[in-house]
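Reading the structure
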Amino acid sequence: MSATFSAESIENLTPDAALDTLLSAHAGRPACLTCSFQAEDMIVLDLLRKRIPSIPVLFLETGYHFARTYEFRDRIAREWKLNLVNVIPQRTVRQQESDLGILYLVDPTQCCQLRKVAPLMRALEPFEIWFTGLRREQSPTRKDLRKVEQHRLPGGKSLLKASLLADWTWQQVWDYTTKNGLSYLPQYDQGYLSIGCEPCTKIPDDPNNPRSGRWSGTKLECGIHTFSEKGQ
Ligand code: SF4
C-alpha cells in the first residue's frame, strides 16, 4: 500500500473522495475497470471517465451475454467514447461447445474459468490498479471486501484492487443512478437484480438475495473475484 494513504483511511470516504485520494497517491499508474455494465459498474465508470477518459474498460466477452447487454454496452461505449476492451476467451463459443459440450449446463465452474477467469488473468497483467463495482452487500462471499486491497495475480504480479462502492447499499446505487440520470440495463425493469451471462441469469425468487438468480443458486461467484491472492 502507498506511503501516502492507508487502506483504512479510505474506508470512510465517499467514492469521489476515495477515488481522488487513490489517484493522487498513484498518479500515472496504469489502471483499468472490469465492467459488465451493471448499475454499480456504470457508477464507477461515471466517476472514472471524468478523471481518466481513456481508462481501459474491460468487458469479459464470454459470447453468452443477453443481446440487450451487448446493445447497451455498444450504446454506452459510443455515447461516452469509452476505451472499451473486449476480453476474449481462447475458444469461440462454437469451438468450446464442439470440443467440450454445453459447459454452463454441466460444469459452469469450468465454463467460467475458460470464458472469464483465464482471459481476465491475462488482461490484468499490464495494470497496477484494478477498479471494480463490487459491494459487500451483494453476497456473503463479499462481506469482508475493503475499498482498497492489495492482490497478487497467479503469475506473481501485484496490483491494487479498488472497490469504491464497497459499503454502498442497493438503495444507494439506485439513488445515484436516478439522481445522476445514468442509463441502466433494461433487464432491471423486468426484475433482474444481478446480470451476467444469459444462460446463468434468472430473475431471483428472493429480492433480498440478488445473487440467487445467478447459476440458479448453485454457486455465488464466477471466479474472477476469487482467483487472485489478497495481501494483508
Ligand atoms: S456465467 Fe455461465 S455462460 Fe457465462 S462463463 Fe460462466 S458458466 Fe459460462
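Read on for a plain summary of the structure. Starting from 1, residues in each chain are numbered consecutively following that chain's sequence as written. Owing to the predicted nature of the model, reporting of local features is limited to residues with pLDDT of at least 70; listing and counting of side-chain atom pairs is limited to 80 or more, with chain, interface and lining totals taken over all residues. Calculated side-chain values reflect all of the structure's heavy atoms, with hydrogen atoms and water omitted.

This next bit is on the site of the ligand. The rule for a residue being near a molecule or strand is that one of its heavy atoms must lie within 4 Å of it. Residues in close proximity to the ligand total 10 residues, the closest being Tyr 64, Cys 111, Cys 112, Cys 197 and Cys 200. Per-element tally for the shell around the ligand: the top contributor is helix 7 (residues 108–124), with 5 residues. Polar here means any residue other than Ala, Val, Leu, Ile, Met, Phe, Trp, Tyr, Cys and Pro, which are nonpolar, and Asp, Glu, Lys and Arg, which are charged; Gly is therefore polar. Of the residues that constitute the shell around the ligand, the class distribution is 8 nonpolar, no polar and 2 charged. Helix and strand definitions follow DSSP, with helices as H or I runs of at least four residues and strands as E runs of at least two, each counted in order from the N terminus.

Moving on to empty space enclosed by the protein. A probe as big as a water molecule, rolled over the atoms, marks out the empty space that is left. Here the term cavity refers to a set of points on a 1 Å grid, laid over the protein atoms alone, in which a 1.4 Å probe fits but cannot get out; the term pocket refers to an open set having protein on both sides within 12 Å along at least five of seven lines, with lining residues being those that place an atom within 4 Å of a point. Grid points are joined across faces, edges and corners, and a volume is the space filled by probe spheres set on the points. Inspection of every chain in the model, using the stated rule, returns 1 cavity of 30 Å³ or more. Quantified by volume, the largest cavity comes out at close to 100 Å³. Every residue lining the largest cavity is counted, 13 residues in all, and those nearest its centre are Cys 111, Cys 112, Lys 116, Cys 197 and Cys 200. At 5 residues, the largest contribution of residues to the lining of the largest cavity is made by helix 7. By residue class, the composition of the lining of the largest cavity is 9 nonpolar, 1 polar and 3 charged.

The next point concerns the pairing of strand 1 (residues 31–34). Regular strands place side chains that alternate from one sheet face to the opposite one. Categorising residues by exposure relies on relative accessible area from a 1.4 Å probe, with only protein chains included: less than 20% of the type maximum marks a residue as buried, more than 50% marks it as exposed, and the intermediate range marks it as partly exposed. Burial of strand 1 is two-sided: the residues Ala 31 and Leu 33 facing one way and the residues Cys 32 and Thr 34 facing the other way are all buried. Paired strands are those between which DSSP finds at least two bridges. For strand 1 and strand 4 (residues 129–132), the ladder comprises 3 bridges, and the chain directions are parallel. Bridging from a neighbouring strand, Cys 32 pairs with Trp 130 of strand 4. Handedness of the crossover joining strand 1 and strand 2 (residues 56–60) through helix 3 (residues 39–49): right-handed. Every crossover in which the path from the first strand over the helix to the second runs clockwise, viewed with the strands pointing away from the viewer, is termed right-handed.

Next up on the list: the packing of helix 3 against helix 8 (residues 170–179). Angles here are taken between N-to-C directions and fall from 0 to 180 degrees, while the axes themselves are lines fitted to C-alpha atoms, restricted in helices to the stretch in contact. Contact geometry of helix 3 with helix 8 gives a least axis separation of 10 Å together with a crossing angle of 55°. Between helix 3 and helix 8, the crossing angle belongs to the class labelled oblique. Regarding helix 3 and helix 8, the two cross each other, and that crossing is left-handed. Between helix 3 and helix 8, the residues in contact are Ala 39, Glu 40, Ile 43, Asp 46 and Leu 47 and Trp 170, Val 173, Trp 174, Tyr 176 and Thr 177, respectively. Considering only residue class, the contact of helix 3 with helix 8 consists of 7 nonpolar, 1 polar and 2 charged. Each angle is binned into one of four classes, with values under 35 degrees roughly parallel, values over 145 roughly antiparallel, values of 65 to 115 roughly perpendicular, and all other values oblique. Left-handed describes a crossing whose near helix is turned anticlockwise from the far helix through less than a right angle; right-handed describes the clockwise counterpart. When checking whether two residues touch, look at their non-hydrogen atoms; a contact exists if any pair is within 4.5 Å.

Two numbers describe a pair of aromatic rings. These are the distance of the centres and the angle of the planes. Note on aromatic pairs: the rings of Phe, Tyr and Trp (six-membered ring only in Trp) are paired at centre separations within 6.5 Å, and the planes decide the class, stacked below 30 degrees, edge-to-face beyond 60, tilted for the rest. Within the structure shown, the criterion is met by 11 aromatic pairs. When the centroid spacing of 5.9 Å and the interplanar angle of 50° are considered together, the rings of Trp 168 and Tyr 176 count as tilted. Pair check on accessibility: Trp 168 and Tyr 176 agree, each one buried. Two conditions define a charge sitting above a ring: the NZ of Lys or the CZ of Arg must be within 6 Å of the ring centre, and it must be within 35 degrees of the ring normal. Taking the ring centre of Trp 80 as reference, the NZ or CZ of Arg 49 above it sits at 3.8 Å. A cation over an aromatic ring shows up here: Lys 161 above the ring of Trp 130, its NZ or CZ 4.3 Å from the ring centre.

Counting buried positions over the 11 residues of helix 3 gives 10, a clear majority of the element. Burial in helix 3 covers these residues: Ala 39, Glu 40, Asp 41, Met 42, Ile 43, Val 44, Leu 45, Asp 46, Leu 47 and Leu 48. Residues of helix 3 that are buried make contact with helix 2 (15–25), strand 1, strand 2, helix 4 (67–79), strand 4 and helix 8.

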